[in-house]
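Geometric and topological summary
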Amino acid sequence: MIEPEPGLGQNRIRTLAVLSVPAVLIGVVSALILFALDELSRQLQDLLWDVLPHAAGIDPDGGWWIFGMLTATGLAVGLMVRYLPGHAGPDSAAAELGGSALPLKVVPSLAAVAVLGLAGGVSLGPENPIIAINTAVLTALLARFFRRLPARLVLGLTMAGTVGALFGTPVAAALLFTGMAGAMAGPGALFDKLFLPLVSAGAGAAVMTTLGGTMLPASIPEAGSPGGWDVLAAMAIAPLAAAFGLAGVLAFRWAHRQFRRLRSPVLFTTLGGALLGLLGVLGGPLTLFKGAEESEELLHGQGESFSTLAVLAAVKLAALVVAAAAGFRGGRIFPAVFVGVAFGLAAGALLPDIRADAAVSAAVLGVVLAIARDGWLALFIAVVITGDVAVSAMLCLAILPAWLVVTHAPHMVAEDDGGARPA
């Protein structure tokens, strides 16, 4: 997926230079499509959660509006999945990030369902559908203009470009692809194999930063280097947070089977929306949506109590489980970050002598590791959430016990679709 095939040229430097052109194109287009989808979902969110309720004289933060909006979103998503051409593609619950390119006919329904879910308050991020959409579009586009470009290279570069755009930096893509590239046999240094993904990710990040910046704006003010007690606390918090995340993974696999017993996506997605509405009433507006802006709001809040923070973490994890299991299209990384932030702040409330950035970054590390099962990505997000590279050494130690907790646990991927694929 990462390395160009031998038939594209014997001169490695010339091959990488030539392939940089489509790599830049892939990164730019990936970022533009992501920006368009995100902007469209923001406009629709403003309509659903601001314009409409205020026009009707209803409090959008009230329980009835939250419950009604999420139930209606579930019904609308279920109808789209059932009746639109392409059925919004495969269930996000049954696949990891990436995968083979979908037919172009799937893109409109998948985009519609993803935008509605993001705008309607569903606790999922954009990463899974946007990678699938970008892969379908760019595979078809490059097949016309770069016919000799291998399909597996297009898939890899599209994923890299999209990840770079999502986080506003190519570093995330580089870390994500390091393990994949290192496992590949063949000549060439590791950085040779990462060269083209970095080009694509860099282009995507540059375009996204120019247009609107990162989709993960949350950060804690810098507080200097962590002390010894902070390191020890992080090494305890990270595995506890990972175990908390794994509880969600196990619940997800059970919930996915139960939802699929209803057979029809209209039924199980509507039920999922209603459950999300009840959870939203319990946890409040802060536990709605993908969780990026909400994480920032929580970090810069008024210092909630331990019990409030624990409820927020539990409700958001439950919402992530329901949203992922009930047929909504979306990713789990952004809501997992919110769960980690709430868990870390709760741990900090119990341990007031421990720095907040140490507790939060360790908790984010553990939860993201359990949900996404990628150590590099978890480390990257945990460092980004603090805004301070001084915590990186501490987190490299904290990830070790957390990895022991998750290494043999099941992944957050459904075992099967329960035979409920739409006709």
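Along each chain, residue indices are assigned from 1 in the same order as the chain's sequence is written. Thresholds applied to this predicted model are a pLDDT of at least 70 for local features of residues and 80 or more for the giving and counting of side-chain atom pairs; totals over whole chains, interfaces and linings are not thresholded and use all residues. Side-chain metrics in this entry use all non-hydrogen atoms of the structure; hydrogen atoms and water are not considered.

The next subject is a nonpolar patch on the surface. Each patch is built from residues that are more than 30% exposed by relative accessible area and take part in no salt bridge. Like charges join if they lie within 9 Å; nonpolar side chains (Val, Leu, Ile, Met, Phe, Trp, Tyr) join within 5 Å. All accessible-area figures derive from a Shrake-Rupley calculation using a 1.4 Å probe, and residue coverage is judged against the displayed protein chains alone. We define a salt bridge as a side-chain nitrogen of Lys or Arg found within 4 Å of a carboxyl oxygen belonging to Asp or Glu. A cluster of nonpolar side chains, contributed by Trp229, Leu232, Met235, Leu397 and Leu400, occupies part of the molecular surface with about 540 Å² of accessible area. Where helices and strands are cited, they refer to DSSP runs of H or I of at least four residues and of E of at least two residues respectively, numbered from the N terminus. Counting only elements with at least two residues in the nonpolar patch, the list comes to helix 8 (228-260) and helix 15 (392-406). The element best represented in the nonpolar patch is helix 8, accounting for 3 residues. Structurally, the position occupied by leucine 400 is in helix 15.

Among the nonpolar cores identified, the biggest contains 120 residues, and Phe167, Leu298, Val341, Leu365 and Ile381 are the most heavily contacted of them. We call a set of buried residues a nonpolar core when its members are Ala, Val, Leu, Ile, Met, Phe, Trp, Tyr or Cys and they connect through side-chain atoms within 4.5 Å of each other. The classification of residues rests on relative accessible area computed with a 1.4 Å probe and restricted to protein chains. Under 20% of the type maximum is buried, over 50% is exposed, and intermediate values are partly exposed. In this structure, Ala23, Ile26, Val29 and Leu157 belong to the second largest nonpolar core, which totals 12 residues.

As a further point, take the packing of aromatic side chains. Within 6.5 Å between ring centres, the rings of Phe, Tyr and Trp (the latter by its six-membered ring) count as paired, and their orientation is classed by plane angle as stacked under 30 degrees, edge-to-face over 60, tilted in between. Going through the model one piece at a time under the given rule, you end up with 4 aromatic pairs. With a centroid separation of 5.4 Å and 70° between ring planes, the pair formed by tryptophan 49 and phenylalanine 289 is classed as edge-to-face. Linking tryptophan 49 in helix 1 (residues 12-55) with phenylalanine 289 in the loop between helix 9 (265-283) and helix 10 (292-299), this pair joins segments that are 240 residues apart in sequence. The two residues tryptophan 49 and phenylalanine 289 agree in class, both being buried. When the centroid spacing of 6.0 Å and the interplanar angle of 15° are considered together, the rings of phenylalanine 167 and phenylalanine 334 count as stacked. Of this pair, phenylalanine 167 sits in helix 5 (residues 151-167) while phenylalanine 334 is found in helix 12 (residues 333-350), placing the two residues 167 residues apart along the sequence. An identical accessibility class is assigned to phenylalanine 167 and phenylalanine 334; each is buried. Connected via pairs of aromatic rings, a cluster forms that spans Phe167, Phe334 and Phe380.

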